[in-house]
Amino acid sequence: MDKDVAILFFALLATLAQAVVVAAAVLWLGSKASTRVDRVKQSVLAAVGPQALAMAAVVATVCTLGSLYLSEADPRFLPCRLCWFQRTAMYPLVVVLGVAAARRDLGARLTGAILAGIGACTSIWHLLVEQYPNLESSSCDPNNPCSFKWVDQWGYLTIPGMALSGFALILVLLAAARPAPLEEQP
Amino acid sequence: MTSPKKAGPPSSSNGAAIWIGVGAVIVVLGLVAVFFARGSGSDVVEGQTGTVAVGDSSTTMGDGGTGDTASGSETSASLPVYDATVNDDPAVGMTIPTVTGKDFDGNDITISGDDGQAKVILFVAHWCPHCQREVPLLKGHLDDNPMPDDVELLTVSTSVKPGADNYPPQKWLEGVGWSAPVLADDEGSSVAQAYGLSAFPYFVVVDGDGKVVERASGELTTEQFDDAVAAAQG
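Overview of the structure. Computed from a predicted structure; not experimentally measured.

How each quantity is defined
- Residues numbered from 1 in each chain as written.
- Chains lettered and ligands numbered in written order.
- Predicted model: local features only at pLDDT ≥ 70, side-chain atom pairs only at ≥ 80, totals over all residues.
- Heavy atoms only, no water.
- Disulfide = S-S within 2.5 Å.
- Helix = DSSP H or I, 4+ residues; strand = E, 2+ residues; numbered from the N terminus.
- Core = buried A, V, L, I, M, F, W, Y, C linked by side-chain atoms within 4.5 Å.
- Buried < 20%, exposed > 50% of the residue type's maximum accessible area, 1.4 Å probe, protein only.
- Contact = heavy atoms within 4.5 Å.
- Axes fitted to C-alpha atoms, helices over the stretch in contact; angles between N-to-C directions.
- Parallel < 35°, antiparallel > 145°, perpendicular 65-115°, else oblique.
- Left-handed = near helix turned anticlockwise from the far one by under 90°.
- Nonpolar A, V, L, I, M, F, W, Y, C, P; charged D, E, K, R; others polar.
- Patch = residues over 30% accessible without salt bridge, like charges linked within 9 Å, V, L, I, M, F, W, Y side chains within 5 Å.
- Areas by Shrake-Rupley, 256 points an atom, 1.4 Å probe, with all protein chains shown as cover.
- Salt bridge = Lys/Arg side-chain N within 4 Å of Asp/Glu carboxyl O.
- Lys, Arg positive; Asp, Glu negative; His and termini not counted.
- Charge placed at Lys NZ, Arg CZ, Asp CG, Glu CD.
- Pairing = 2+ DSSP bridges.
- Phe/Tyr/Trp six-rings, centres within 6.5 Å; stacked < 30°, edge-to-face > 60°.
- Lys NZ or Arg CZ within 6 Å of the ring centre and 35° of its normal.
- Buried area = accessible area lost by both parts, 1.4 Å probe.
- Polar contact = N/O pair within 3.5 Å; in protein donor to acceptor, adjacent residues only side chain to side chain.
- Right-handed = clockwise from strand over helix to strand, strands pointing away.

**A short note on the state of the cysteines**
Here comes step 1: As enumerated under the stated definition, the model contains one disulfide over all chains in all.
Here comes step 2: Each sulfur in the disulfide pair Cys140(A) and Cys128(B) lies 2.1 Å from the other. When the S-S torsion is 90 degrees, as for the bridge of Cys140(A) with Cys128(B), the disulfide is right-handed. Remark: Cys128(B) occurs in the loop between β6 (118-124) and α2 (129-144) and Cys140(A) occurs in the loop between α4 (109-131) and α5 (159-176); the pair is interchain, linking two chains.

**Thoughts on the nonpolar core**
Among soluble globular proteins, nonpolar side chains are generally buried collectively.
Here comes step 1: Among the nonpolar cores identified, the biggest contains 58 residues, and Ile111(B), Phe123(B), Trp178(B), Tyr195(B) and Val204(B) are the most heavily contacted of them.
Here comes step 2: With six residues, the single largest contributor to this core is β6(B).
Here comes step 3: Not counting residues within four places of it along the chain, the set of residues in contact with Ile111(B) comprises Ile96(B), Pro97(B), Thr98(B), Val99(B), Lys119(B), Ile121(B), Leu154(B), Val156(B), Leu183(B) and Tyr195(B).
Here comes step 4: Grouped together as the second largest cluster of nonpolar side chains are 30 residues, Ala47(A), Ala60(A), Leu106(A) and Leu115(A) included.

**Overview of the packing of helix α1 (residues 3-33) of chain A against α5(A)**
All names here are of chain A.
Here comes step 1: As a packed pair, α1 and α5 sit with axes 9 Å apart at the nearest point and diverge in direction by 40 degrees. As judged from the angle between their axes, α1 and α5 are oblique. Pair α1 / α5 crosses with left-handed handedness. Where α1 approaches α5, its residues Ile 7, Phe 10, Ala 11, Ala 14, Ala 17, Gln 18, Val 20, Val 21 and Ala 24 are matched on the opposing element by Gly 161, Met 162, Ser 165, Ala 168, Leu 169 and Val 172.
Here comes step 2: A breakdown of the residues in the contact of α1 with α5 according to their chemical character gives 12 nonpolar, three polar and no charged.

**A word on a negative patch on the surface**
All names here are of chain B.
Here comes step 1: Negative charge collects at one region of the surface, where Glu 214, Glu 223, Asp 226 and Asp 227 lie side by side.
Here comes step 2: By residue number, the principal contributor to the negative patch is helix α5 (residues 222-233), which donates three residues.
Here comes step 3: Tracing the backbone shows Asp 227 in helix α5.
Here comes step 4: The exposure class assigned to Asp 227 is exposed, which follows from its relative accessible area of 52%.

**So, the pairing of strand β10 (residues 212-217) of chain B**
All names here are of chain B.
Here comes step 1: Pairing of strand β9 (residues 202-206) with β10 involves five bridges; the strand directions are antiparallel. The residue bridging Val 206 from the neighbouring strand is Val 212, located in β10.
Here comes step 2: What sits between the antiparallel neighbours β9 and β10 is a turn of five residues, in which Gly 210 has the positive phi angle 85 degrees.

**A word on the packing of aromatic side chains**
Here comes step 1: All chains considered together, the criterion is met by 11 aromatic pairs over all chains.
Here comes step 2: Measuring from ring centre to ring centre gives 6.2 Å for Phe9(A) and Phe10(A), while their planes differ by 40 degrees; the resulting arrangement is tilted. Like Phe9(A), the residue Phe10(A) is buried in the burial classification.
Here comes step 3: By the ring-pair criterion, three or more aromatic residues cluster together here, those being Phe77(A), Phe148(A), Trp150(A), Trp127(B) and Phe200(B).
Here comes step 4: Lying across the ring of Trp84(A), Arg87(A) places its NZ or CZ 4.7 Å from the centre.
Here comes step 5: One Lys or Arg, Lys161(B), reaches over the ring of Trp127(B) and ends 4.1 Å from the middle of that ring.

**Details of the interface of chain B and chain A**
Here comes step 1: Counting residues at the interface gives 41 residues for chain B, matched by 37 residues for chain A.
Here comes step 2: Buried surface at the junction of chain B and chain A, summed over both partners, amounts to about 3300 Å²; 67% is from carbon and sulfur atoms.
Here comes step 3: For the side of chain B that touches chain A, the leading source of residues is helix α1 (residues 13-37) of chain B, giving 14 residues.
Here comes step 4: Each residue belonging to the side of chain B that touches chain A can be placed in one class, and the counts come to 23 nonpolar, 13 polar and five charged.

**Brief notes about the side chain of Thr98(B)**
Here comes step 1: With respect to the element layout, Thr98(B) can be found in the loop between β3 (74-75) and β4 (99-102).
Here comes step 2: One polar contact links Thr98(B) to Ser112(B), side chain to side chain, over a distance of 3.4 Å.

**Examining the sheet that holds strand β7 (residues 151-157) of chain B**
Residue and element names in this part refer to chain B.
Here comes step 1: Taken in spatial order, the five strands make up an open sheet running β8-β7-β6-β9-β10, and their pairing is mixed. Strand pairing shows two members of the sheet lacking a second neighbour, β8 (182-184) and β10, which therefore form its edges. Here the average twist between neighbouring strands, direction ignored, is 20 degrees.
Here comes step 2: α2 rests against β6, β7 and β9 of the sheet, and its axis sits at about 145 degrees to β6.

**Regarding the pairing of β6(B)**
Residues and elements named next belong to chain B.
Here comes step 1: Counting buried positions along β6 gives seven out of seven residues, so the element sits mostly inside the fold.
Here comes step 2: By the alternation rule, side chains of β6 split into Ala 118, Val 120, Leu 122 and Val 124 and Lys 119, Ile 121 and Phe 123, which are all buried.
Here comes step 3: Two strands pair when backbone bridges link them, and β6 and β7 are joined in this way by seven bridges, in the parallel orientation. Bridge pairing links Val 124 to Ser 157 in β7.
Here comes step 4: You can see the chain leave β6, run along α2 and come back into β7, and the turn it takes is right-handed.
Here comes step 5: For β6 and β9, the ladder comprises five bridges, and the chain directions are antiparallel.

Put into structure tokens, the structure is as follows:
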């Protein structure tokens, strides 16, 4: 796959994730103020909730594959220290959420949310370091400083920004995960 | 002990529709990426890195040097890697390595310790956010406080990464209005290595005898830069 195509594809996926997260936040806030919006939220939850755990597993898998592609395939972007912290949070989510989705075990949501929360916090810190490099150091490591932007799509979307989008979407999906209606359960 | 709560199977008609929708959106995004990313690859600009020759200069080693003094003239050694955490920089007193290369326009540039000129050598990387802050800061400062006649300011553009932020470095430096001579390091960053660079931006302060007076890495304030220039004057 062409490097530029892959990066644009990941950026589009991240933007889609951001749109879903924003829509979820608007729906949640709106449901507090309006019964009509609350009904919409309930119907969305009824439709998405039973699939949300599996969707979160898919998001974690896509993020992991994207991360591995950027570092191991053609771009060969060297992961920095903060990137590795985010990977440490994202990669286990594939297994945790994948197994939970296969077993339909909603109890794994807490573990997933903790991992995704840690990853999201690290991504936010990484974004701040990119924006304000002096937060961590006054100089650049010639090999791979965390403030270096391997990708800068549309002037705002960098790799930690994509990671944050993934973590945030996983958190939203975990919050939305619901048991299926009784008649659909095995 | 409670049994795990059960989520629904993904085989319901509602669920199937959702998964088909998600898949369709991903396929569309993939097609959009293929269509719009075609031909958007970053081009390598000629002249941003060059061929450099390091060493091969008849210079006298300083206290930190390890060369053979019997011959009377020695090849200048590479400076040890700069460690900002060490108080006594072992490079102080060493003669700087002579390097020869070209600027972005192909003109010859030599940085040498045997030209009798005190100098401050600034190493920058176009993608480094600290360099992106330091260069305009110094540019503004030098507009109001030009370098003294007896100290030369030289720049080495190194660690060039095509496609990275601010590429090509020539465009970046010209955009900032940077007027000091710039030596384009080679792809292996030979000049940076010869001068012991460990972080960007990197300063090597050299006296009129061609010996290192001090080194520094990271962003300097204008006051610290003035101190470095004064140190070069001796």
